[in-house]
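The residues making up each chain are set out below.
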Amino acid sequence: MAGLTKSEFANPVINWIDTRLPIFTMMQKEYAVFPTPKNFNYFWNFGALATVNLAIMIITGIFLAMNYQPNADLAFSSVQHIMRDVNYGWLLRYVHQNGASMFFIVTYIHIFRGLYYGSYKTPRELLWMLGVVILLLMMATAFMGYVLPWGQMSYWGATVITNLFSAFPIVGPKIVTLLWGGFSVDNPTLNRFFALHYLLPFVLVGVIFLHIAALHVTGSNNPLGIDVKSPQDTLPFHPYYTAKDSIGVCVFLIVFSVLVFFAPNYLGDANNFIPANPLQTPADIVPEWYFLPYYAILRSVPNKLLGVCMMFGSLLVMFVLPWLDTSPVRSARFRPIYRQLIWVWVVAVIVLGICGAHKPEGIWVVLSRICTLYYFLHYLVILPVLGKLERPLPLPESISRPVLGARGGGPLPGGAPAKPMEKA
Amino acid sequence: MADPSAAAATHHGPIHDSTGVPRRDLLQLITAAGAAIGAGAIAWPLIDSMNPSKDVLALSSVEVDLTPIVEGQGIVVSWQGKPIFVRHRTAVEIKEAQDVKLNELIEPQPDTARVKPGHDQWIILIGICTHLGCIPLGNKPSDPRGDWGGWFCPCHGSQYDTSGRVRHGPAPANLPLPPYAFESDTKIKVG
Amino acid sequence: MMRPQRSIMARSVPMRSAIVRSLLACVLVTGLFAATAVAQEGEMPNERWSFEHAFGTFDLAAAQRGFQVYSNVCSNCHSMKYLHYRDLSGIGLDEDQIKAIAANVTVPSGTDDQGNPKEGPATPASEFKSPFPNDKAARAANNGALPPDLSLIVNAREGGPNYIYGILTGFGQPPAGFKMQDGMNYNRMFPGHQIAMPPPLQDGTVEYTDGTPNNLNQEAHDVVTFLAWAANPELVERKQIGVRVVLFLMFMTGLTYAVKRKVWSDVDH
């Protein structure tokens, strides 16, 4: 509907802008007074932390790009130029390098939050699926960014990952040649990876905007997983959650700073301090830690095509998670069996990560196969069946009137009917 | 902890600030100030990274052999990315440069202050017009040298004399001198 | 398959411990690289390094002696092409010392008037001179083995300074029955125990001017200190800034926590 907005801002400049382009009214509505469940725990900080992290990555990335040379002959030495000669170049680079790890730590916890409290369930399916798109984009961006320093791990990581596509019959090798822009990973590959590594974060910003837009349609989930019923259940986002998120940001920055300033290469690989050598593969090729579980799934399958499919499948299965989990109850707090099994799943993923860091020999093959099996079993069998079999604990009546003693799944005092969550 | 089940639900008072006005107390002001200081501290490394890096700052010097430059001719060498004019002046040009009355000049400066003692025939200049940064013409024999026999800037018509002093605007100042020294009578080191 | 789950189900897990566990999990994941250490052949030495730990800085005297070891010994075969002579101010050399060091080195310096490449003394702005013009020449002069560039060697090897120290001090006679290839040298530390590099340092290889004993261990310790500086020249500044940043952030954490407490004081939660 066309027409000027009736702005309620007193400041004449803000009012003038807001009347013509109601961004201030929108910010006020979506971030200041936005009704937010009052019972968030600190797990609900991680969405804001991920946003902060993305901002840090984009800003440091822009300044790094001013000094980086996306050329196979110059890339490695231009990174050394950044580290040694550019003012605070070492800081920019170590922040960017460790920022990738921090981004995945924060995002993985954010995803775990969603899994534990059932944030993917109706009506938040699309919100969740947008989140999976964000994860995939993040992975693509991180992978291409890791190639840019053009060290040994950069080069061989790029070779191995792009070769995954060769598993597909008939078109596979053609796809790989297309990705490379040649017959091996070389200058054209580095050039396009740089272009895409610069582009994708902004695509990410767009999808995150949609993710947040979708969130503001459904409203946030909460630790009880029940719907907001009255204004008594909510608080305005500002100042309550801006204050609470600020604590999270500070703690996040402390962890980040300890990594950057005191152990900047702890999560890195020594081999990436050796310039790329297309004629010699390092003895141990491992991806960055955040890819290890997927890498283990890939290697757990003896068949090349099947391994690749399983690896991509382990991510794609998350798209259909809202329909695989048949339980009407969101929060694991009221799902006595799921609350245990989600931890088994977490352990399986961690063990997969450890397997991914070891050579695929002996016990590591066995372990990675068991865990891969459990990973898919969890999604494809346990979740659909569990929803039918599990008897959920009684849900509290509302957020502002929680049932005493409900935490930990202990016995309930009378009064609260054990009804499953109603559809919103 | 914002864990609802952690606290007993005893009373249900107003959860919003009763006035509806965001409260601004000292604590919040200090926190906001701290955040602003933090943001400033973050901004500085970003801005400073755009300043010249150490390799750019490490002054590289360039040596120029003067023997091939015949009288009346000039050459251009590159130093720190800037053009350096090296001209071998004729006796007439030197005399012109020395005899000019200082009060006729836009930026008065005697010729002796612009050459090294005992090397009157060599004028060494940073060849960047002081108006808007173009490179004046006048080194090649075929170049226009302007009415004062020095250099002529093609961009906006500034003219310099044989000592590199501006004689006709819009340039406001003389061509600057680079740091240099004579290593021998036939060799200079710029930088 | 439901049976084992029922037994797990009997335990009740409070949410707080769930949070702790998830944080632990994330620490575990990040710590994976610690578990990936390559199986080392020899036992990793455990030297004390001046630059270790949160507050460690480089022992500049040791780094300067190490530069002497590099210049006199290592630089005959190993390049350090990411360093410039000007960088030596980082180990406490002053401008005149750096100029003197550079002036003693002859490097390519542009072209003469006929366009032929010419040589001249290096300046502080010059890169460290490489002993060989290219990798091929380096291999040809070293029995086919390529002496790696040392600019980043401390970061480029698992175990870092201890590993390099282990290599430098790990030469010796092969144990009885150990089969050595021609032209190779036995080294306890090196994977496979056969290294192309002959023992570069012995007791007394370098004459120190500051009275420091020039035994093998000291020489190795000094040159590794120098190499560690070369690989991480920003280390001291980084840690100094880091301490201030972390203290500031802790202060801010306290402040934001107080603000949050105050903001939430009227909420029943």
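What you are looking at is a predicted structure, and each value in this text was computed from that prediction instead of being measured.

### Some points on the overall build of chain C
Helix and strand content of chain C: eight helices and four strands. Scored against the burial criterion, the 269 residues of chain C give a buried share of 44%. Of the contacts formed within chain C by residues at least 6 apart in sequence, a portion of 61% connects residues at least 24 apart. Carbon and sulfur atoms make up 54% of the accessible area of chain C, which totals about 14200 Å².

### Considering the state of the cysteines
Residue and element names in this part refer to chain B. Summed over all chains, the structure comprises one disulfide over all chains. One disulfide bridge connects Cys134 with Cys155, the sulfur atoms lying 2.1 Å from each other. The sign of the S-S torsion, about -95°, decides the handedness of the disulfide formed by Cys134 and Cys155: left-handed. Separated by 21 residues along the polypeptide, Cys134 in the loop between β4 (122-126) and β5 (149-152) and Cys155 in the loop between β5 and β6 (159-161) bring together distant segments of the chain.

### Some remarks on the side chain of Thr372 of chain A
Residue and element names in this part refer to chain A. Within the element layout of this structure, Thr372 appears in helix α15 (residues 363-389). Among the polar contacts made by the side chain of Thr372, one reaches the side chain of Ser300 at a distance of 3.2 Å. If sequence neighbours within four positions are ignored, Thr372 has contacts with Ile297, Ser300, Met310 and Leu352.

### Observations regarding the packing of helix α11 (residues 292-300) of chain A against helix α12 (residues 304-316) of chain A
Residues and elements named next belong to chain A. Two elements in contact, α11 and α12, have axes separated by 7 Å at closest approach and are oriented at 145°. α11 and α12 meet at a crossing whose hand is right-handed. For the pair α11 and α12, the contacting residues are Tyr294, Ile297 and Leu298 in the first and Gly307, Val308, Met310, Met311, Ser314 and Leu315 in the second. In the contact of α11 with α12, the residues fall into seven nonpolar, two polar and no charged.

### A look at helix α7 (residues 216-231) of chain C
Taking 1.5 Å of rise per residue, the 16 residues of α7 of chain C would be expected to cover 22 Å, and the 22 Å separating its terminal C-alpha atoms lies within 8% of that figure. Within α7 of chain C, 14 of the 16 residues are buried, leaving the element largely enclosed by the surrounding structure.

### What about unusual backbone geometry?
Of the consecutive residues Thr122 of chain A and Pro123 of chain A, the connecting peptide bond is found in the cis state with omega at 10°. With respect to the helices and strands, the residue Pro123 of chain A is situated in the loop between α5 (89-116) and α6 (125-147). Cis geometry marks the peptide bond from Gly169 of chain B to Pro170 of chain B, where omega comes out at 5°. Secondary-structure assignment places Pro170 of chain B in the loop between β7 (166-168) and β8 (180-184).

### A word on the pattern of salt bridges
Under the definition given, this model contains 20 salt bridges over all chains. In this structure, Arg89 of chain B engages Asp111 of chain B in a salt bridge whose closest nitrogen and oxygen atoms are separated by 3.0 Å. Here Asp111 of chain B lies in the loop between α3 (91-99) and β4 and Arg89 of chain B lies in the loop between β3 (82-88) and α3, a separation of 22 residues in the sequence. The class of Asp111 of chain B is buried, set by a relative accessible area of 3%. One salt-bridge network, held together by shared partners, links Lys121, Asp325, Arg335 and Glu390 of chain A.

### So, the confidence of the model for chain C
For chain C, the mean per-residue pLDDT works out to 85, and 84% of the residues sit at or above 70. Reported confidences for the modelled complex are a pTM of 0.85 and an ipTM of 0.89.

The rules behind these values
Residues numbered from 1 in each chain as written. Chains lettered and ligands numbered in written order. Predicted model: local features only at pLDDT ≥ 70, side-chain atom pairs only at ≥ 80, totals over all residues. Heavy atoms only, no water. Helix = DSSP H or I, 4+ residues; strand = E, 2+ residues; numbered from the N terminus. Buried < 20%, exposed > 50% of the residue type's maximum accessible area, 1.4 Å probe, protein only. Contact = heavy atoms within 4.5 Å. Areas by Shrake-Rupley, 256 points an atom, 1.4 Å probe, with all protein chains shown as cover. Disulfide = S-S within 2.5 Å. Polar contact = N/O pair within 3.5 Å; in protein donor to acceptor, adjacent residues only side chain to side chain. Axes fitted to C-alpha atoms, helices over the stretch in contact; angles between N-to-C directions. Left-handed = near helix turned anticlockwise from the far one by under 90°. Nonpolar A, V, L, I, M, F, W, Y, C, P; charged D, E, K, R; others polar. Expected span 1.5 Å × (residues − 1). Salt bridge = Lys/Arg side-chain N within 4 Å of Asp/Glu carboxyl O. pLDDT = per-residue confidence, 0-100.

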